[in-house]
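# Inside the fold
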Amino acid sequence: MQKNTNPKANLPQQQVALPYKKSIEIAVKSIKSRFFRSLITTMSLILAISFYSYIKTNSLIITGIFFSENKTAIQQLSHLGYEIPDNGEAYTATPKERWILVLSLLVCVVGIVNTQLMAVADRFREIGTMKCLGALDRFILRLFLIEATLQGFIGATIGSVAGTVIALLGSLFKFGTVAMIFISINDVIMSITTAIFLGCFLSIIGVLYPALLAAKMQPVEAMRGKD
Amino acid sequence: MKSLNNIVRVDKVLKDFTMGKTIVSVLKGIDLEIKTGEYVSIMGPSGSGKTTLFNMIGGLDKPSSGSVFIDEIDISQLDAYELAWLRCRKIGYIFQTFNIIQVMTALENVTLPMVFAGIADDQARDKGMELLELVGLKERFQHKPFELSGGQQQRVAVARALANDPAIILADEPTGNLDLATGDEIINLLKMLSREKGVTIISATHDLKMLNVSDRVIWISDGKIEKIEHRDELSISLGQIGEK
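What comes next concerns the included structure. Quick caveat: nothing in here was measured; it's all calculated off a predicted structure.

About the criteria used
- Residues numbered from 1 in each chain as written.
- Chains lettered and ligands numbered in written order.
- Predicted model: local features only at pLDDT ≥ 70, side-chain atom pairs only at ≥ 80, totals over all residues.
- Heavy atoms only, no water.
- Helix = DSSP H or I, 4+ residues; strand = E, 2+ residues; numbered from the N terminus.
- Buried < 20%, exposed > 50% of the residue type's maximum accessible area, 1.4 Å probe, protein only.
- Contact = heavy atoms within 4.5 Å.
- Core = buried A, V, L, I, M, F, W, Y, C linked by side-chain atoms within 4.5 Å.
- Salt bridge = Lys/Arg side-chain N within 4 Å of Asp/Glu carboxyl O.
- Arc of directions from axis to C-beta.
- Pairing = 2+ DSSP bridges.
- Axes fitted to C-alpha atoms, helices over the stretch in contact; angles between N-to-C directions.
- Parallel < 35°, antiparallel > 145°, perpendicular 65-115°, else oblique.
- Left-handed = near helix turned anticlockwise from the far one by under 90°.
- Nonpolar A, V, L, I, M, F, W, Y, C, P; charged D, E, K, R; others polar.
- Buried area = accessible area lost by both parts, 1.4 Å probe.
- Polar contact = N/O pair within 3.5 Å; in protein donor to acceptor, adjacent residues only side chain to side chain.
- Patch = residues over 30% accessible without salt bridge, like charges linked within 9 Å, V, L, I, M, F, W, Y side chains within 5 Å.
- Areas by Shrake-Rupley, 256 points an atom, 1.4 Å probe, with all protein chains shown as cover.
- Lys, Arg positive; Asp, Glu negative; His and termini not counted.
- Charge placed at Lys NZ, Arg CZ, Asp CG, Glu CD.
- Expected span 1.5 Å × (residues − 1).

Here the focus is the side chain of serine 59 of chain A. Residue and element names in this part refer to chain A. Mapped onto the elements of the fold, serine 59 is located in helix 2 (residues 35–68). According to the relative accessible area criterion, serine 59 is buried, its value standing at 10%. If sequence neighbours within four positions are ignored, serine 59 has contacts with Tyr91, Thr92 and Ala93.

See the structure below:
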């Protein structure tokens, strides 16, 4: 009889919004106030990425030593079981090393999924409240992704620098300065950068499922979650 | 023309929940009209469907059949964006458990809905301070929720509910987790808001003190409206309780 002609007539065109600057602010705040929880997530990344960087830098160092044609150092290397690559080729990690590396990264992702699921469960009510205040699913998703990226970046930076430094110091100790001379700085920087990207990537992969779960939650369910 | 004054209209709302194989019908046909500026309490024992009805009105849940109109907009017709907009701009929520966001300060909690509404930072800050002053927490704007008492947290929640000048405030047992005195403060605050700002207040409650300030009380039992009482009728029937 009336009203139903245009049910949305009274709705203005305005939409809800969450600017990126604000999202980052909220994400940083959330990491800070849950420092310990973030630390655990970051820690698994630090370990995995430092292992990755360690293996990478070691390969670079060994390649450097082969190119140096320093007899004693090369002999030492074959003693340690490293296979001398064909002339002119760079040394790459052994299949075994690569296998362990893949495993460690996998374990790291599983660890992140685990801690992030816990984090989401912990934050049911917060997520529900935000939704009641007008947050869209993608705001929630975005907050979690930004948090994960920040954690990934911090963890991977610490991890890759630590792994690289440990590898460099270790071989400096084993082979002496010859290990340092032939190593290309560019390659080292490249390896660190790759490691950082890898870390962010792993962190995002790890948070994806928990974040989707959080974003899809109905406000009512979310509120009920912790009661 | 009369219908234009209805800020909330609930039309033959039924709600069923499926629990395993059995279907539990929680709301069995509710019809309700609430006028702009009214202070309405929804009373009823637990399990009567109070909270379910409350969630329907707030757009937090959808009815199995029937419709809920807010400002004559059928909210089941809205998509996710429009619903979010409605929750952000039209409705302010107050919960029994306060639901202040733990990682944010009082002021940040109050400004969050304004952020979602796209209001500029400094403007939101000023408004936030104004609202905190209104609820008497101006000095504590930088405090985190764990540094505030229950009553203070609930006052932050009231301020947050008012952030975008909503037409409706939905309060689900706002005094349920508070002691008598702080509960009174919240009730008085809500009454003041309804009188001075003309906000429509709908609250689900067990608290009999709430009745004294309500314009109308809707008694719900077993998923149906049992009776609707106006205040003048109430003060007679509940005189002694008010005295106590």
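After that view, the rundown keeps rolling.
All right, on to the environment of isoleucine 186 of chain B then. Residue and element names in this part refer to chain B. By the element assignment, isoleucine 186 lies in helix 6 (residues 180–196). By relative accessible area, which is 0% here, isoleucine 186 ends up buried. When the C-alpha positions of isoleucine 186 and glutamate 196 are compared, they lie 15 Å apart, and in sequence the two are 10 residues distant. Not counting chain neighbours up to four residues away, the residues in contact with isoleucine 186 comprise Gly151, Gln154, Arg155, Pro174 and Leu178.

Let's shift gears to the nonpolar core. Residues and elements named next belong to chain B. Ranked by size, the top nonpolar core spans 35 residues in total, and within it Leu132, Val156, Ile169 and Leu190 carry the most contacts. If you tally residues by element for this core, the top one is helix 6, at six residues. Those residues in contact with leucine 190 that sit more than four places away from it in its chain are Tyr39, Ile94, Pro174, Ile201 and Met210.

To continue, consider the pattern of salt bridges. The tally for this structure, following the rule as stated, stands at 20 salt bridges over all chains. Of the charged contacts in the structure, one is a salt bridge between glutamate 25 of chain A and lysine 22 of chain A, with a shortest N-O distance of 3.3 Å. Placement of both glutamate 25 of chain A and lysine 22 of chain A in helix 1 (residues 20–33) is noted, with a separation of three residues, approximately one turn of the helix. You can call glutamate 25 of chain A partly exposed: its relative accessible area is 31%. The partner of arginine 34 of chain A in a salt bridge is glutamate 126 of chain A, with the nearest N and O atoms 2.6 Å apart. Note that arginine 34 of chain A is positioned in the loop between helix 1 and helix 2 and glutamate 126 of chain A in helix 5 (residues 124–132), a separation of 92 residues in sequence. Relative accessible area serves as the criterion here: at 17%, arginine 34 of chain A is assigned to the buried category. Through salt bridges with shared partners, a single network forms among Lys21, Lys22 and Glu25 of chain A together with Asp121 of chain B.

Before going further, it helps to examine helix 3 (residues 71–79) of chain A. Residues and elements named next belong to chain A. Looking at helix 3, one finds that the buried residues are Ala73, Ile74 and Leu77. Looking straight down helix 3, one finds its buried side chains confined to an arc of 100°; they lie on one side. Facing away from the buried side of helix 3, by more than 90 degrees, are the exposed residues Lys71, Thr72, Gln75 and His79. For helix 3, the secondary structure elements touched by its buried residues are helix 2, helix 6 (137–175) and helix 7 (178–181). Taken from the residues just after helix 3, glycine 81 is the one with a positive phi, measuring 100°.

Residues and elements named next belong to chain B. One open sheet accounts for six strands, arranged 6-7-8-3-9-10; its pairing is mixed. Of all strands in the sheet, those with a lone pairing partner are strand 6 (91–94) and strand 10 (224–230), marking the two edges. Strand after strand, the sheet turns through a mean of 15° between neighbouring axes, direction not considered. Relative to strand 10, strand 9 (residues 216–221) is paired through six bridges, and the arrangement is antiparallel. Within strand 10, the position partnered with arginine 216 by the bridge is histidine 230.

Another aspect to go through is the pairing of strand 1 (residues 6–19) of chain B. Residues and elements named next belong to chain B. Sheet topology places strand 1 next to strand 2 (residues 22–35); 11 bridges connect them, and they run antiparallel. Opposite leucine 14, over in strand 2, you have lysine 28 as the bridge partner. Between strand 1 and strand 2, which pair antiparallel in sequence order, lie two residues; one of them, glycine 20, sits at a positive phi of approximately 65°. Bridging between strand 1 and strand 4 (residues 65–70) involves five bridges; their strand directions are antiparallel.

As a further point, take the pairing of strand 9 of chain B. Residues and elements named next belong to chain B. Most of strand 9 sits inside the fold, with five of its six residues counted as buried. Pairing between strand 3 (residues 39–43) and strand 9: four bridges, direction parallel. Across the sheet, residue serine 41 finds its bridge partner in strand 9, namely valine 217. Adjacent in sequence and paired antiparallel, strand 9 and strand 10 are bridged by two residues, among which aspartate 222 carries a positive phi angle near 55°.

The next point concerns the packing of helix 3 (residues 106–116) of chain B against helix 5 (residues 150–161) of chain B. All names here are of chain B. Remark: helix 3 packs on helix 5, axes separated minimally by 8 Å, with the N-to-C direction vectors making an angle of 25°. It follows that helix 3 is roughly parallel to helix 5 by the angle criterion. Between helix 3 and helix 5 the crossing geometry is right-handed. Here helix 3 contributes Ala106, Asn109, Val110 and Pro113 to the contact with helix 5, which in turn contributes Val156, Ala159 and Arg160. Per-class residue counts for the contact of helix 3 with helix 5 are five nonpolar, one polar and one charged.

With that settled, the discussion passes to the interface of chain A and chain B. On the side of chain B, 34 residues touch chain A, which itself brings 35 residues to the contact. Interface of chain A and chain B: buried area, both sides summed, is about 3,300 Å²; carbon and sulfur atoms make up 65% of it. Seen at the junction of chain A and chain B, the total is three salt bridges. Lysine 29 of chain A serves as the salt-bridge partner of glutamate 108 of chain B, at 3.0 Å between the closest nitrogen and oxygen. Here chain A and chain B share three residue pairs in polar contact (both at pLDDT 80 or more) between them. Taken together, the elements giving at least two residues each to the side of chain A that touches chain B come down to helix 1, helix 5, helix 6 and helix 9 (219–224) of chain A.

Let us look at a negative patch on the surface. Taken together, the side chains of Asp122, Asp126, Glu130, Glu133 and Glu139 of chain B define an acidic patch exposed on the protein surface. Locating aspartate 122 of chain B in the fold gives a position in helix 4 (residues 121–134).

This part covers helix 2 of chain A. Taking 1.5 Å of rise per residue, 34 residues should cover 50 Å, and helix 2 of chain A covers 46 Å from first to last C-alpha, within 8% of that figure. Of the residues one or two after helix 2 of chain A, glutamate 69 of chain A is the one with positive phi, at around 55°.

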